[in-house]
Amino acid sequence: MGDEEELSWVVHGHADEHFGIPKVIFFDDVEKVVKEHEVQNTLQSLTALFQRYKFWETKFMRHKQGLQQKIPDVKRAIDVVKTLQKRSKSDIDEPITTRFELGDQIYVKAEIPKSDSVSLWLGVSKALQNFFFLIFS
């Protein structure tokens, strides 16, 4: 019997899954379920289902940790955008001289001219260019 067939009595097909995560089923009468499907089959099916839940839990925890590691970078980017926004509203026309990070411990000196828009690099193949009033509204 394949995994899907073994789990079919616990997980009622793909319609009850959300992105591959099986729907949780609560048994009102555990004794009845074990009698109908035999102890060994019940344990195997529930163990396989538990392993799927553990897989998804681990995947979500890794994703959460990755997002948490990005928080300081996002906060720095917001601070820079706010500074540029204040600068765009001021009467000062001189460019800002700064250093920005290209990679780990690699910085480049740059001059930022006065502008009404900003472009943010959000990751591979994702960039955002917008006017200041749209970003903070």
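Above this text is the structure in question.
Model, not experiment: these values are computed from the prediction. (Residues numbered from 1 in each chain as written. Predicted model: local features only at pLDDT ≥ 70, side-chain atom pairs only at ≥ 80, totals over all residues. Heavy atoms only, no water.)

Here's the deal with the pattern of salt bridges
All told, the structure shown has 4 salt bridges when counted by the stated rule. In this structure, Asp 93 and Lys 114 form a salt bridge, with 3.5 Å as the shortest nitrogen-oxygen distance. In this pair, Asp 93 is assigned in the loop between α3 (39-89) and β1 (96-103) and Lys 114 in the loop between β2 (106-112) and β3 (117-123), connecting sequence segments 21 residues apart. Judged by relative accessible area, Lys 114 falls into the partly exposed class, the value being 33%. (Salt bridge = Lys/Arg side-chain N within 4 Å of Asp/Glu carboxyl O. Helix = DSSP H or I, 4+ residues; strand = E, 2+ residues; numbered from the N terminus. Buried < 20%, exposed > 50% of the residue type's maximum accessible area, 1.4 Å probe, protein only.)

Structural notes on the packing of helix α2 (residues 30-37) against α3
Running from amino to carboxyl end, α2 crosses α3 at an angle of 110°, the nearest separation of the two axes being 6 Å. Comparing the axis directions of α2 and α3 gives the class roughly perpendicular. Every residue of α3 that contacts α2 at Val 33, Val 34 and His 37 is listed here: Val 39, Asn 41 and Thr 42. Across the contact of α2 with α3, the residue classes break down as 3 nonpolar, 3 polar and no charged. (Axes fitted to C-alpha atoms, helices over the stretch in contact; angles between N-to-C directions. Parallel < 35°, antiparallel > 145°, perpendicular 65-115°, else oblique. Contact = heavy atoms within 4.5 Å. Nonpolar A, V, L, I, M, F, W, Y, C, P; charged D, E, K, R; others polar.)

Any functional reading would require information beyond the geometric quantities listed.
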